[in-house]
Amino acid sequence: MSRTSPLHEAHAALGAAFTDFAGWSVPVRYASDLAEHRAVRATAGVFDLTHMGEVRVSGPQAGDALDAALVGRPSAMPPGRAAYGLIVDEDGGILDDLVTYRLGEQEFLVVANASNAGLVARELTARTAGFDATVTDESAGTALLAVQGPTAALVVGELVDADLGALGHYRCTPTALRTPDGAEDVLLARTGYTGEDGFEVVLPAAHAPAAWEALLSAGRAHGAVPCGLACRDTLRLEAGMPLHGHELSRDVDPYAAGLGRVVKLDKPAAFPGRAALERLAQRTPERVLVGLRGTGRRAGRHGYPVLHEGRPVGTVTSGALSPTLGHPVAMAYVENGLSAPGTALAVDVRGRPEPVEVVELPFYRRAR
């Protein structure tokens, strides 16, 4: 039986259609994928992301412990900062991509993908066993909401007293969110997964219904609408952001995925997969992740072959007809020698080769 968010009844009342995702029943859309996608690009969308996992790591050696568990260097972050990172296996394969928030000198919060939440909690527990640090899986009692879009700051600004102007990208702060039930203590972060400005609200699951109601109520004046996972997928694709299970997996290393920048081989800590990544950093990957721009109307989808002069040279990992740009876009792993922008390729769409061109990611970049 699928797990449900504490907002399940609220979603149903709004007419949401549900789908199973990583063992959760989640809203895939409320009215229209396209309308929700466009709302996030033009105004704002409100998302329920409670299916994500949250793991707290605390104690005098919490930073050092995470340095020994992840490819990055969380100990170097000051409190109030966040960082995108990875956890890999001994062969350098990607177990999950994560966002780590430093809440204080001795306290961090690691947010994992829903399908890997249990794995990440177990791995962090095992990898930090020799440190003066405590790992607590708080996923079951935690809710995560997000407001994304050009008017997101206006929506959130009506409900908190935090200085949003000082809350830069990949920063976080504790604050109180005003709801119909009173002010609730939350962690407010500004990261995003849509290519737009956006905020995340982390809070106890019991307070999620009141927070959801407050965000939707404040958002109406600013064009905000509830949004499901279908538009979230096309938004992140346009923004060139990888998804675990598509662009990222145990079979992919950070360098092939274009994420070598998050691997900190200059840190003193040893971590599982370090030796493999040191070797991988010295070689040229056989296949690398690229963006593909189509010229027709038929989009390549996950698993479709990529061709060069009729020869298979790669595989599409994510693809769709871009609602914002009006043409097909896709991410794919292709042979390194065919990865330069401007390279002409094709995608086999149900037996018919559709012309595409390699382009730099992201496909869409918001105006600053």
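Here the structure is a predicted model, which is why all the values come from computation and not from measurement.

A. Molecular detail of the packing of aromatic side chains. Applying the stated criterion to the full structure yields zero aromatic pairs. Sitting over the face of the ring of Tyr364, Arg41 holds its NZ or CZ atom 3.9 Å from the ring centroid. Note that Arg232 overlies the ring of Phe47, its terminal NZ or CZ placed 5.2 Å from the centroid.

B. Just helix H4 (residues 117-127), in detail. What H4 keeps buried is the set Ala117, Leu119, Val120, Ala121, Leu124 and Arg127. Structurally, H4 contributes buried residues whose contacts are with strand E5 (53-58), helix H3 (62-67), strand E6 (82-88), strand E7 (94-104), strand E8 (107-112) and strand E9 (134-137).

C. Broad picture of the environment of Gly85. Summarising the element assignment, Gly85 is placed in strand E6. Overall, Gly85 belongs to the buried group, its relative accessible area being 14%. Separated by 70 residues in the primary sequence, Gly85 and Gly15 have C-alpha atoms spaced 36 Å apart. Setting aside residues no more than four positions away along its own chain, Gly85 makes contact with Asp96, Asp97 and Leu98.

D. Focus on the side chain of Ser339. Position of Ser339 relative to the elements: it lies in the loop between strand E18 (328-335) and strand E19 (344-349). Here Asn336 takes part through its backbone oxygen, which lies 2.7 Å from a polar atom of the side chain of Ser339. Ignoring sequence-local partners within four residues, the contact set of Ser339 consists of Val288, Val290, Val334 and Val358.

E. Spotlight on the side chain of Glu200. Among the structural elements, Glu200 can be located in strand E13 (residues 198-204). Of the side chains bearing the opposite charge, Arg232 lies closest to the buried Glu200, which forms no salt bridge; the N-O distance is 6.1 Å. In this view, Glu200 contacts Tyr101, Leu144, Leu145, Ala146, Gln148, Leu187, Leu188, Ala189, Arg190, Thr191 and Gly192; residues no more than four positions away in its chain are not counted.

What counts and how
- Residues numbered from 1 in each chain as written.
- Predicted model: local features only at pLDDT ≥ 70, side-chain atom pairs only at ≥ 80, totals over all residues.
- Heavy atoms only, no water.
- Phe/Tyr/Trp six-rings, centres within 6.5 Å; stacked < 30°, edge-to-face > 60°.
- Lys NZ or Arg CZ within 6 Å of the ring centre and 35° of its normal.
- Buried < 20%, exposed > 50% of the residue type's maximum accessible area, 1.4 Å probe, protein only.
- Helix = DSSP H or I, 4+ residues; strand = E, 2+ residues; numbered from the N terminus.
- Contact = heavy atoms within 4.5 Å.
- Polar contact = N/O pair within 3.5 Å; in protein donor to acceptor, adjacent residues only side chain to side chain.
- Lys, Arg positive; Asp, Glu negative; His and termini not counted.
- Salt bridge = Lys/Arg side-chain N within 4 Å of Asp/Glu carboxyl O.

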